[in-house]
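Geometric and topological summary
Below, each chain spelled out in residue letters.
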Amino acid sequence: MNIQERIKELVDILNKANYEYYELDNPTLTDQEFDKYLRELETLEKEYPEYKLPDSPTERVGGEVIDKFSKITHSIPMLSLPDVFNEQEIIDFDNRIRKEGFNPEYVCELKIDGLSGSFHYHDSILISGATRGNGRVGEDITHNVKTIKSLPLKLHKDIKDIEVRGEIYLGKKTLEELNKKRKEQNLPLLQNCRNAAAGSIRQLDSKIAAERNLDCWIYHLPNPEDFGIKTHKEALDFMASLGLKVNPANRLVKDIKGILEFIEEYAAKRKALSYDIDGVVIKVNDLATQKRLGFTAKHPRWAIAYKFPAEEVLTKLTDIIFTVGRTGKITPNAVLEPVILMGSTIRRATLHNEDYVLEKGLKIGDIVSIRKAGDVIPEVVEAKIERRTGNEIDFKMIDTCPICNTKLIKKDEQVDYYCPNNMCPARNIEKLIHFCSRKAMDIEGLGEKVVEDFFNMHFINDIPDIYDLGKYQKDLMELEGYGKKSIDNFLQAIENSKNNSLERLLFGIGIENIGEKTALILAKKYSTLDNLMLVDLEELQKQKDIGPIIAKSLRDYFDNEDNIKVINKLKEIGVNMTYLGAAEKYNENITNKKFVITGSISAMSRDEIEKIIDNYGGHASSSVTKSTDVVIVGDKPGSKYDKAVELKKEIWNEEKLMEILNSLDI
Ligand code: IVH
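Here's what I pulled together on the structure shown here. Worth saying up front: this structure is predicted, and the values here are computed from it rather than measured. (Residues numbered from 1 in each chain as written. Predicted model: local features only at pLDDT ≥ 70, side-chain atom pairs only at ≥ 80, totals over all residues. Heavy atoms only, no water.)

**What to know about the overall build of the chain**
Across its full length, the chain holds 24 helices and 24 strands. Taking the principal axes of the C-alpha coordinates as reference, the chain spans close to 110 × 60 × 50 Å. Buried positions account for 47% of the 666 residues belonging to the chain. Contacts spanning at least 24 positions in sequence make up 67% of the contacts within the chain whose residues lie at least 6 apart. Roughly 33700 Å² of accessible area belongs to the chain as shown, and the carbon and sulfur atoms make up 49% of that amount. In the chain, which carries 96 positive and 111 negative side-chain charges, the distance between the mean positions of the two groups comes to 1 Å. (Helix = DSSP H or I, 4+ residues; strand = E, 2+ residues; numbered from the N terminus. Buried < 20%, exposed > 50% of the residue type's maximum accessible area, 1.4 Å probe, protein only. Contact = heavy atoms within 4.5 Å. Areas by Shrake-Rupley, 256 points an atom, 1.4 Å probe, with all protein chains shown as cover. Lys, Arg positive; Asp, Glu negative; His and termini not counted. Charge placed at Lys NZ, Arg CZ, Asp CG, Glu CD.)

Here it is as structure tokens:
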């Protein structure tokens, strides 16, 4: 055997051993034998570089260093899948496909929590690897991809050209071992398998990527027709026959029942797997059907990703910053390394007050667990003490306002600190946001972000400026992200808000301790703002439902000259300051709440219920959204019920509804 033949033999022995070890999980060579052959191959390749083969396992050790990532355009875009979170959404997906005249079978697969990659083989040799990037153009990561031992450098069959796609990931054990080493070296720990995989694949030096022991599952063949393949299941089997690592946990199912069984099975097995999964991917099996279902701009219409309900996720608390609310209240907020929880990216979480942070013993730099409490508010559960490196920084409450530097005060032994400066700019933003909010003046289109933008650009500095925004119509139109339509809409909403009944204004101007309920009581009792302003403290205190705290807040507010200036300006502008009696009746369960009714209520018609809600100043609407307050569920409810459960909305059954309606004076 000559040198060239020996090199070829060694490459084949080592690649076969690699395949048996990393893909079949069935090693045939001992580590010592493997190392002996590898060393022999390295020596020969050094001496005879002209004989080095493109699929030589020596390629895997890394060493290639690039100075920047070049771009690779995907010939077929790399799309992501629409996420679904419950059984109903899976049923909806199936129904939609059936409505289009298909009778589909599905393949269920595990949704691997890593990052997707595209891999090209030419003449059976792995020639390039790319990240998904923006779906159209990704980054060339060939040098790192070659270090992934489970990705064959040469396919087991002769294939001229093929692209395959899959998920690059890092195993749970690998992460553990890596972090153990990093801890010893005093390096920051990698937080989860996904982030670690993403960080590793974006290394310029492939030696580092090689040390990270990345892995890969292949799950997609973008050009099945090139190989005469008719179903996704066939594509998976075909790719496996080429020596590619296809996850064995895939199953052809006939119906929803099969899908749900697969989900249930793997939700239970999830913890025991050696890699992270975050759900199950459901794909139409028949490729001709897939083709006919086609794509939306972002996703294929033939597949969905069911996401397991998020438990808690871990992330790093990178900082604690302080915000100033509209009453001057200072709130510490957790700044988190972005992490995805139930489909949204969490970057911030409120830490409420100093005591809360101290009780949890949080330090800056801690790894913390995050949970979504209720509908949307993320919550920091606890610091993972065992993950501390010693470099964490103790939390320290501030003593001056982060915005205007005024010394903070505490009120009557309360836990909260306040900035006492009435003119503090931060207070003004919050004041403006509150004024425009749904329960106050209800100016649609002027949400938090928009108000913040306009405040920062000095279009609005104080409440009356909102009514002057029309003056800047042209300037606004030049701003990025503000189209003519949205500007016209919010200008109209601003105009409409002038006709609101007094209670909205009273609540909106942000008098301390005046919530929407108190505002309504005051508006009803005194009819106009002028009347209310004239009432003295003593008389106010005497009123039932008001009490000394509210009375004092009102007096303090109306005795402040700056506030009177604001009120006078609003009056000049034409903002209504009279109680219009729009919400004739008040009931704390109904007034100002948004309702959705689903299913049938036996005791009364939907119209009758809606009329009562309306009379009591509530709103009935047709779809369950974030802003819905209560969902009334009758017999045979629709998908709105599932949505209500998912969004953790308050649910009233018929009994509860009748109990409340019976207590009303209708
Ligand atoms: S199929 C057009 N299958 O989840 C088909 N994706 O948004 C595209 N993923 O971007 C992907 N496991 O990064 C598919 N078995 C699997 C998957 C999977 C994980 C990832 C992939 C994709 C995202 C879905």
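**What to know about a nonpolar patch on the surface**
Among the surface-exposed residues, Tyr641, Val645 and Ile651 lie close enough to one another that they form a single nonpolar patch of about 230 Å² accessible area. Within the fold, Val645 resides in helix H23 (residues 639–646). (Patch = residues over 30% accessible without salt bridge, like charges linked within 9 Å, V, L, I, M, F, W, Y side chains within 5 Å. Salt bridge = Lys/Arg side-chain N within 4 Å of Asp/Glu carboxyl O.)

**Side note on the sheet that holds strand E5 (residues 125–131)**
The four strands are arranged E5-E4-E7-E8 in an open sheet whose pairing can be described as antiparallel. Among the strands making up the open sheet, the edge pair consists of E5 and strand E8 (215–220). When the angles between neighbouring strand axes are averaged without regard to direction, this sheet yields 35 degrees. Pairing geometry for strand E7 (residues 161–169) and E8, over five bridges, is antiparallel. Counted as the bridge partner of Tyr169 is Asp215 from E8. Each of strand E4 (115–122) and E7 touches helix H6 (residues 193–201); the most contacted strand, E4, lies at about 40 degrees to it. (Pairing = 2+ DSSP bridges. Axes fitted to C-alpha atoms, helices over the stretch in contact; angles between N-to-C directions.)

**Structural notes on the environment of Asp83**
For Asp83, the position within the fold is in strand E2 (residues 83–84). Linking Asp83 and Ala305, residues 222 residues apart in sequence, is a C-alpha distance of 4.8 Å. The residues touching Asp83, leaving out its near neighbours within four places in the chain, are Ala305 and Lys307.

**A short note on the sheet that holds strand E21 (residues 594–598)**
Strand order in the open sheet made by the four strands is E22-E21-E23-E24, with parallel pairing throughout. Edge positions in the sheet fall to strand E22 (619–621) and strand E24 (650–652), since each of these pairs with one other strand and no more. When the angles between neighbouring strand axes are averaged without regard to direction, this sheet yields 30 degrees. In terms of strand pairing, E21 meets strand E23 (residues 630–633) through four bridges, oriented parallel. In the strand pairing of E23, Phe595 is matched with Val630. Packing of helix H22 (residues 606–615) onto the sheet brings it into contact with E21, E22 and E23, and relative to E21 it is tilted by some 170 degrees. Here H23 sits on the sheet in contact with E21, E23 and E24, set at roughly 135 degrees to E21.

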